[in-house]
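A closer look at the structure
One letter stands for each residue in the lines below.
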Amino acid sequence: MKNILLIGTGRFGRHIAVQLYQLGHQVMAVDTNEERISDVLPYVTNAQIGDSTNAEFLCSLGIGNFDVCIVTISGNFQNSLETTSLLKELGAKRVVSRAERDVQAKFLLRNGADHVVYPEKQVAKWAAIRYTADHIFDYIEFDEQHAIIEVEVPEGWVGKSIGELNIRSKFGINILGIKHSGKTDVSITPDTVLSGEMTILALGEYKALQKCFRI
């Protein structure tokens, strides 16, 4: 369990609050809007209405006590940038900030953000891959180069074992698990035989996945 400071409780911030709540973390939510704070109260440990660009207000929250500070302010990049910078100046251990455009991500990283999340861009890529290839069932991007995909077993792999296919050596791809009848099995071995009723969870560089599975 970690202590999280969540600044910005719009739609994206609220979704994060719900997920953090389900994971059992302690969350302090901050927003200038009383109605948004009220909406998120069931999912947070504490909440404050205040201006995150005010250094005195941020100091009063005890920034150094939080394991992660997440800035999800939308619609006002100046406030997001100022908040990010202030958090780092006040001793935040880790700052994760939301970007809506590439240029915003660059400024945030230069001004205190340890990590940047880019939900619109990330979801757009996921949707483009997921819904233009009938054999791709899910896609999780690690970074610009690596991803995990859930994909149907290629026809030429059916009836063969993972060891027999020598997938890692041939394609530079790791098979993390298989799914069958809605259940995931990650206890696979080189002797695991693939069938047409399965889907496989594969990890690798995007270019390697693209070439191997014809994404």
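Up top is the structure these notes are about.
Computed from a predicted structure; not experimentally measured. (Residues numbered from 1 in each chain as written. Predicted model: local features only at pLDDT ≥ 70, side-chain atom pairs only at ≥ 80, totals over all residues. Heavy atoms only, no water.)

Concerning the sheet that holds strand 5 (residues 95-98)
Under the convention used in this document: DSSP bridges decide pairing: two strands pair if at least two such bridges lie between them. Helix and strand definitions here come from DSSP, where helices need a minimum of 4 consecutive H or I residues and strands a minimum of 2 consecutive E residues; each element is numbered from the N-terminal end. Each axis is a line fitted through C-alpha atoms, and for a helix only the stretch in contact is used; angles between axes span 0 to 180 degrees, taken between their N-to-C directions.
Pairing in this open sheet of 6 strands is parallel, and the strands run 3-2-1-4-5-6 from one edge to the other. In the strand order of this sheet, the two ends are held by strand 3 (46-49) and strand 6 (115-117), each with one partner. Strand-to-strand, the axes of this sheet are offset by a mean angle of 20°, without reference to chain direction. In this sheet, strand 3 lies alongside strand 2 (residues 26-31) in parallel orientation, the contact comprising 4 bridges. Residue pairing for strand 3: Ala29 is matched across the bridge by Ala47.

Description of the nonpolar core
Stated formally: Buried Ala, Val, Leu, Ile, Met, Phe, Trp, Tyr and Cys residues that are joined via side-chain atoms within 4.5 Å together make up what is termed a nonpolar core. To sort residues, take the accessible area from a 1.4 Å probe on protein chains only and compare it with the maximum for the residue type: under 20% means buried, over 50% means exposed, and anything in between is partly exposed. Note on contacts: a residue pair is in contact if any heavy atoms of the two residues lie within 4.5 Å.
Ranked by internal contacts, the top residues of the largest apolar core, which has 22 residues, are Ile149, Trp157, Ile173, Ile175, Leu194, Ile200 and Phe213. Elements supplying a minimum of two residues to this core: strand 7 (136-141), strand 8 (146-152), helix 7 (162-165), strand 9 (174-180), strand 11 (199-205) and helix 9 (206-213). The biggest single contributor to this core is helix 9, with 4 residues. When sequence neighbours within four positions are dropped, the list of residues in contact with Trp157 reads Leu165, Ile167, Phe171, Leu194, Ile200, Cys212 and Phe213. Listed in part, the 16 residues of the second largest apolar core include Phe57, Leu61, Val71 and Ala92.

Quick look at the pairing of strand 2
Successive side chains on a regular strand alternate, one facing one side of the sheet and the next facing the other. Convention followed: Whether a crossover is right-handed depends on one test, that the path from the first strand over the helix to the second runs clockwise when the strands point away from the viewer.
Of all 6 residues making up strand 2, 5 are buried, and the element is well covered by its neighbours. Sheet analysis places strand 1 (residues 3-7) next to strand 2, joined by 5 bridges and oriented parallel. Looking at the pairing, Leu6 lines up with Ala29 of strand 2. The parallel pair strand 1 and strand 2 is bridged by helix 1 (residues 11-22), and the resulting crossover is right-handed. Considered for its hand, the β-α-β crossover made up of strand 2, helix 2 (residues 34-40) and strand 3 is right-handed.

Some points on the environment of Tyr118
What counts is decided by this rule: Here a polar contact is taken to be a pair of N or O atoms separated by no more than 3.5 Å, where protein atoms must pair a possible hydrogen donor with a possible acceptor and residues adjacent in sequence count only if both atoms sit in side chains.
Among the structural elements, Tyr118 can be located in the loop between strand 6 and helix 6 (119-130). Separated by 18 residues in sequence, Tyr118 and Glu100 have C-alpha atoms that sit 6.0 Å apart. Side-chain polar atoms of Tyr118 contact the backbone nitrogen of Asp102, separated by 3.1 Å.

Notes on the packing of aromatic side chains
Convention followed: Side-chain rings of Phe, Tyr and Trp, where Trp is taken by its six-membered ring, are said to pair if the distance between their centres is within 6.5 Å; with planes under 30 degrees apart they count as stacked, over 60 as edge-to-face, and otherwise as tilted.
Scanning all chains against the criterion turns up 3 aromatic pairs. Ring geometry for Tyr21 and Tyr43: centres 5.7 Å apart, planes at 75°, overall edge-to-face. Remark: Tyr43 occurs in the loop between helix 2 and strand 3 and Tyr21 occurs in helix 1; sequence separation between them is 22 residues. An angle of 65° between the planes, with centres 5.6 Å apart, marks the rings of Trp157 and Phe213 as edge-to-face. Of this pair, Trp157 sits in the loop between strand 8 and helix 7 while Phe213 sits in helix 9; the two residues are 56 residues apart in sequence, bridging distant segments of the chain. Looking at Trp157, the relative accessible area reads 9%, which means it is buried.

Quick look at helix 9
Where we set the bar: Directions drawn from the helix axis to the C-beta atoms are what define this arc.
The complete set of buried residues in helix 9 reads Tyr206, Leu209, Cys212 and Phe213. When helix 9 is viewed along its axis, its buried side chains cluster within an angular range of 135° and face the same direction. Residues Lys207 and Lys211 are exposed on helix 9 and point more than 90 degrees away from its buried face. Phi turns positive one or two residues past the end of helix 9, at Arg214, with a value near 55°.

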